[in-house]
Amino acid sequence: MLPLTHVIFLLVAVYTVLAFIVNLFCIYQRHSSYKAIDLLNCIFVIALSFVAWNYNSATFVDLDRIMQELEIAHQQGIRTLTDAYAMNPLSIPLLLIGYYTEDARALQVTGVALSYSLMFVTIGIAKRRYRLSFVATILGTDLVLLCFNFVTAACNIRFPIAMWLMLAALVSHRKQYTPRTIIFAGIALLVHIGTAVIPLICLLANCYKKKYYRILICVLLLIYYQSLILFTNLLLSSSNRLMYQIGDRLSYYTGVNENYANSYDAIAIESGGRLTGVILIALAVAALLVYEALSYFNSIPPVSSNLVWCTIAMLCFTVGSYSSYTIFLRYAYISMYFVILLLMYSLSRSFTLYDIRPLQLPQSKHLGDTRTSLLISYWIWVVVGLILAYCMRRDAILYMSSYVTL
């Protein structure tokens with residue numbers, strides 16, 4: 001049996017090679033290329049779903065808690081399930097799959113299939129929204145696939161699905177697409193209310209146009225955690241049942257719960273689990289600097305929707321959440337996805353020329369094609385290197401990279 005890390009890396013490498021082959025065969029037929037890539041995405045999701053069906057976690061995960069709740073629902077009635085997820089009503093249809101099948105693998109497949117499908121939907125919207133080139137899109141897709149935690153999709157179920165719905169809403173946000181944005185965001189909130197933090201941070205980052213106000217907000221996000229503890233205590237003292245439930249859930253993340261020492265959050269911190277989040281934040285900051293360098297040296301116009309300030313605010317919020325394993329790790333991943341989107345935009349603008357005047361078309365087109373060819377060649381060699389590293393069992397290279405992702 002191959003280790004999960006090797007399987008994921010091998011699938012991503014094969015996906016990348018096939019995607020570039022599709023692009024080469026359909027280079028003059030963009031519509032056919034889109035259809036072929038969509039088909040490739042579907043096959044990739046099916047392959048990952050097969051992996052999810054055969055995956056068994058060796059540690060306690062969120063899925064174990066869900067299965068315990070479903071067992072209680074079988075004993076005491078389904079009403080216990082609807083009461084437990086009253087704040088997240090669209091989580092109930094997802095959990096009913098496990099309730100009726102009584103098989104955790106069915107939930108694992110559901111989580112993986114929906115999470116990765118929504119990931120590709122989000123990338124597809126971003127491609128059209130920011131006019132991304134094919135090469136930049138595949139590069140960004142690879143980075144997201146390597147950063148996204150397969151185990152989280154298989155064993156956390158609800159939050160990854162809601163997260164990608166919310167990211168799809170943010171990426172598609174434009175005046176003419178407001179209904180679609182509202183639908184995505186509304187479904188996300190009904191699946192997992194915790195995703196409300198994502199648009200809130202973006203709203204805070206963009207509610208003021210002056211730079212010093214934005215800097216002040218980012219500083220406040222760096223030190224917000226003490227306010228969150230106070231807010232949690234206020235919710236716990238509320239007589240309102242809904243408010244108390246929100247406070248009770250937050251208490252496990254902020255350390256004010258009496259049983260916090262036995263919680264998943266506390267155990268993960270004790271075992272050094274936050275190191276993955278630290279690595280992700282370091283990578284995100286480095287990638288953000290690459291974006292700034294590409295933007296400066298290539299005179300790239302700023303990305304629309306003030307995505308840069310959203311990204312910086314998300315990073316500040318994540319760093320401020322360091323005391324909480326769950327919040328810190330979740331938003332470390334989300335921050336990374338924002339930065340990857342910026343990289344996709346800057347790479348697309350750096351290696352593909354837009355707004356070319358007719359008299360300059362032949363020479364500019366040649367230069368753009370040359371740049372794109374160089375980037376394609378470089379990434380193919382990276383993929384070949386990954387395959388060789390796997391085949392030669394150079395575990396140091398694979399595990400050093402996979403530690404970030406799995």
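Cut-offs and rules
Residues numbered from 1 in each chain as written. Predicted model: local features only at pLDDT ≥ 70, side-chain atom pairs only at ≥ 80, totals over all residues. Heavy atoms only, no water. Core = buried A, V, L, I, M, F, W, Y, C linked by side-chain atoms within 4.5 Å. Buried < 20%, exposed > 50% of the residue type's maximum accessible area, 1.4 Å probe, protein only. Helix = DSSP H or I, 4+ residues; strand = E, 2+ residues; numbered from the N terminus. Lys, Arg positive; Asp, Glu negative; His and termini not counted. Salt bridge = Lys/Arg side-chain N within 4 Å of Asp/Glu carboxyl O. Contact = heavy atoms within 4.5 Å.

Description of the nonpolar core
Nonpolar side chains tend to gather and get buried jointly when the protein is soluble and globular.
Link 1 in the chain: Of all hydrophobic cores here, the largest spans 123 residues; its most connected members are Tyr116 and Phe150.
Link 2 in the chain: No other element matches the 19 residues that helix α18 (residues 325-351) contributes to this core.

Observations concerning the side chain of arginine 214
Link 1 in the chain: The residue arginine 214 is located in helix α12 (residues 211-222) in this model.
Link 2 in the chain: Although buried, arginine 214 forms no salt bridge, and the nearest oppositely charged side chain, glutamate 292, lies 11 Å from it.
Link 3 in the chain: Non-local contacts of arginine 214, meaning those with residues more than four positions away in its chain, are made with Ala205, Asn206, Tyr208, Lys209, Asn306 and Trp309.

Some words on the pattern of salt bridges
A side chain with one charge can pair with a side chain of the opposite charge if their charged atoms come near.
Link 1 in the chain: Per the stated rule, a full pass over the model turns up four salt bridges.
Link 2 in the chain: In this structure, aspartate 62 engages arginine 65 in a salt bridge whose closest nitrogen and oxygen atoms are separated by 2.7 Å. Of this pair, aspartate 62 and arginine 65 are both found in helix α3 (residues 62-76), three residues apart, which corresponds to roughly one turn of the helix.
Link 3 in the chain: Judged by relative accessible area, arginine 65 falls into the partly exposed class, the value being 22%.
Link 4 in the chain: Between glutamate 69 and arginine 65 there is a salt bridge, with its nearest N and O atoms 2.8 Å apart. Remark: arginine 65 and glutamate 69 occur in helix α3; sequence separation between them is four residues, near one turn of the helix.
Link 5 in the chain: Residue classification places glutamate 69 among the partly exposed positions, given a relative accessible area of 22%.
Link 6 in the chain: Each of Asp62, Arg65 and Glu69 takes part in one network of salt bridges that share partners.

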